[in-house]
Amino acid sequence: MLLALSVKNYALIEDLTIDFTSGFTVITGETGSGKSILIKSIELLAGARADLSCIRSGCSVCTITASFEYKNSKIADFLDNFSISVEDNNTILIRRTIENTGRSRAFINDSQINISVLATLGELLIDFQAQYEKHSLLSLNSQLEILDNGIENISPLLEESSALYTRIKILKSKLETLSLSDVERERKVDLYSFQVKEIEDAELKIGEDEKLETDIPKLKNAEKISALLQEIISILYSSENAILGSILKTKKNIEIVNSYGADASEAVSLIEQAYYHAEEAYREIEGILSKIRLNPAELNAFLERREIIKKLKSKYGDSIKSIIEYKNKIVSELNSFSDCKDESEKLKKELESETKRLSEICRIISGKRQKAAQIFAKSVREKLFDLEIKNVVFEVKFDRKELSANGYDSIEFMFCANAGEKILPLKNTASGGELSRVLLAIELSSKIRNDCTAIFDEIDTGTSGKTGEKIGEKLAELAKRKQVFSITHLAQVVAFAKMHVKIYKEIENSRTYTKAKMLTETEHIEEIARMISGEKITKAALKHARHLVIASRDKILP
């Protein structure tokens, strides 16, 4: 649902903000007042192509912002797929800017997105009855969804058909793998057997490559390490002027100084600590020296082992774990090759059984759809008759397609406004306000509930007051399910509105401004009267306007 709209520097609009409510909203105004500007600004928020001429004269950028509330899980999934954060109240803020440099940018909750992404979201948020080629009800998928939503107990059947279809695809894939030619199978057996032997002969152990990388440097530098350690031991202990001996001699001299009366006790303590630390270092170095091995043969073996592992990694995986996993996989495939013929026959029988079951489920689904289509088409025809399309032909055409997750039916809504003429797909026949009325009838006949805002641009074009009253009644009926907007010139349609927005122009300082006003109840009636009698409102027109409003409310009571 569209909650609020803000438009700045777009065409004749300088700065306009409107808060909307649920239910049925009408937008009225004189021809050229800017009603279409308001709708086009919403189209831009739904991903329509921007035109630099839309920027208000003298301005460098125009900005259009709107907040939407949603309940549709498809919108939640869309936002999640693009990692767009949303507050707990399920509202989003869409912003579109168009600069006179030609740059156009779009944002959802301040996250910048591509215009194509915005257009995808726009189709979930708004249905523009003026943009017929984009209307969701003209897509074949939407038409099938509309039909299925009116069928009781079809969901379990569709779930079963989907599960069967998935299973059949898996079986076909397995059979395809098993249907390799004998030559190809033998080639794979030879290749996989060689690879398994090569990996098994290596007798790999998890973590041994990391241990080799630690041990090899020590073996390579064993001679240097040993020489350095021996030199350290000589300096610390065994040389003529070894550090440990020098420290002991120093300690004795400090103790003599202390005995002569000079307080050198702290120095004695410190030199003792130095001796203990130096002695600990000596013991540690001795321990390291005892573990150093000068073993060229072992080093060569380690280097060769590392090369073997490196070669296997280049062929089968980037780690020992992945190499072993690959071996297990091809061992499994080798086993499957050995049982290939038996497995193939088993899979064929299962595939035949599952396909037969899916065909039966699809037959049941199709039967339910055929019955539902007759009821649905009759409902649409009745509503179109009410909307003054008297000789309408509306049917649901069924074609057979391959078995699929949702059955074998391909359906399309067919329409003809005049009896005796050729019936054609809806998207290729109806036009203008006629198509808007057909779409309205379809929505009213459908049991689908969604929070997609519907915008009808002059659905009453070319109709009379009697037809306008029927259109207003049907729009108000639809508005019980979803938010509905309608641009209209007919008082009979306006009378059914819950909210009335008047668009008008003003000239200030030699510049023209398009503005909008939310009408009060009194202003709403006065505007209806003006639409009936012209600029000068008569008492009779006011009386008629009140009658229209009261009568409309009686008709749309729950």
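Residues numbered from 1 in each chain as written. Predicted model: local features only at pLDDT ≥ 70, side-chain atom pairs only at ≥ 80, totals over all residues. Heavy atoms only, no water.

1. Points about the side chain of Glu208
Here is step 1 of the chain: Along the chain, Glu208 turns up in helix α7 (residues 208–220).
Here is step 2 of the chain: Within the structure, Glu208 has its side chain in polar contact with the backbone nitrogen of Lys205 (distance 2.9 Å).
Here is step 3 of the chain: Here the side chain of Glu208 touches Arg305 through a polar contact of 2.9 Å, side chain to side chain.
Here is step 4 of the chain: Sequence-distant contacts of Glu208, defined by excluding residues within four places in its chain, comprise Glu203, Arg305, Ile309 and Ile320. (Helix = DSSP H or I, 4+ residues; strand = E, 2+ residues; numbered from the N terminus. Polar contact = N/O pair within 3.5 Å; in protein donor to acceptor, adjacent residues only side chain to side chain. Contact = heavy atoms within 4.5 Å.)

2. Re helix α8 (residues 222–238)
Here is step 1 of the chain: Three or more residues of α8 are buried, namely Ala222, Ser226, Leu229, Ile233 and Leu236. One side of α8 holds all its buried residues, which, seen down the axis, span an arc of 100 degrees. Away from its buried face, by an angle of more than 90 degrees, α8 presents the exposed residues Glu223, Lys224 and Leu228.
Here is step 2 of the chain: Contact partners of the buried residues in α8: α7, α9 (243–259) and α10 (265–291). (Buried < 20%, exposed > 50% of the residue type's maximum accessible area, 1.4 Å probe, protein only. Arc of directions from axis to C-beta.)

3. Considering the pattern of salt bridges
Here is step 1 of the chain: The final tally for this structure, using the stated rule, is 28 salt bridges.
Here is step 2 of the chain: Measuring nitrogen to oxygen at the nearest pair gives 3.4 Å for the salt bridge that ties Asp386 to Lys474. Taken together, the residues Asp386 in helix α13 (residues 340–386) and Lys474 in helix α16 (residues 465–478) connect sequence positions 88 residues apart.
Here is step 3 of the chain: Judged by its relative accessible area of 27%, Asp386 is partly exposed. (Salt bridge = Lys/Arg side-chain N within 4 Å of Asp/Glu carboxyl O.)

4. Side note on the sheet that holds strand β10 (residues 409–416)
Here is step 1 of the chain: Read from one edge of the open sheet, 3 strands run β9-β10-β11, paired in antiparallel fashion. With one partner strand each, in any of the chains shown, β9 (393–400) and β11 (424–425) form the two edges of the open sheet.
Here is step 2 of the chain: Examined bridge by bridge, β10 and β11 share 2 bridges and lie antiparallel to one another. For Met414, the partnering residue across the bridge sits in β11 and is Pro425.
Here is step 3 of the chain: Packing against the sheet, helix α4 (residues 140–149) makes contact with β9 and β10, and its axis sits at approximately 95 degrees to β10. (Pairing = 2+ DSSP bridges. Axes fitted to C-alpha atoms, helices over the stretch in contact; angles between N-to-C directions.)

5. So, the packing of aromatic side chains
Here is step 1 of the chain: Per the counting criterion, the structure on display carries 8 aromatic pairs.
Here is step 2 of the chain: Ring geometry for Phe376 against Phe394: centres 6.2 Å apart, planes inclined by 65 degrees, an arrangement best described as edge-to-face. Pair noted here: Phe376 is in helix α13 and Phe394 is in strand β9, with a separation of 18 residues, a long-range link.
Here is step 3 of the chain: Note on Phe394: relative accessible area 0%, which makes it buried.
Here is step 4 of the chain: A ring pair is formed by Phe376 and Phe413, whose centres lie 5.3 Å apart and whose planes are at 35 degrees; its orientation type is tilted. Residue Phe376 is located in helix α13, and its partner Phe413 is located in strand β10; the two are separated by 37 residues in the primary sequence.
Here is step 5 of the chain: Judged by its relative accessible area of 7%, Phe376 is buried.
Here is step 6 of the chain: Pairwise contacts between aromatic rings join Phe376, Phe394 and Phe413 into one cluster.
Here is step 7 of the chain: Here Arg95 stacks its cationic end above the ring of Phe107, 4.1 Å away from the centre of that ring.
Here is step 8 of the chain: Over the ring of Tyr408 we find Arg400; its NZ or CZ atom is 3.6 Å from the centre of that ring. (Phe/Tyr/Trp six-rings, centres within 6.5 Å; stacked < 30°, edge-to-face > 60°. Lys NZ or Arg CZ within 6 Å of the ring centre and 35° of its normal.)

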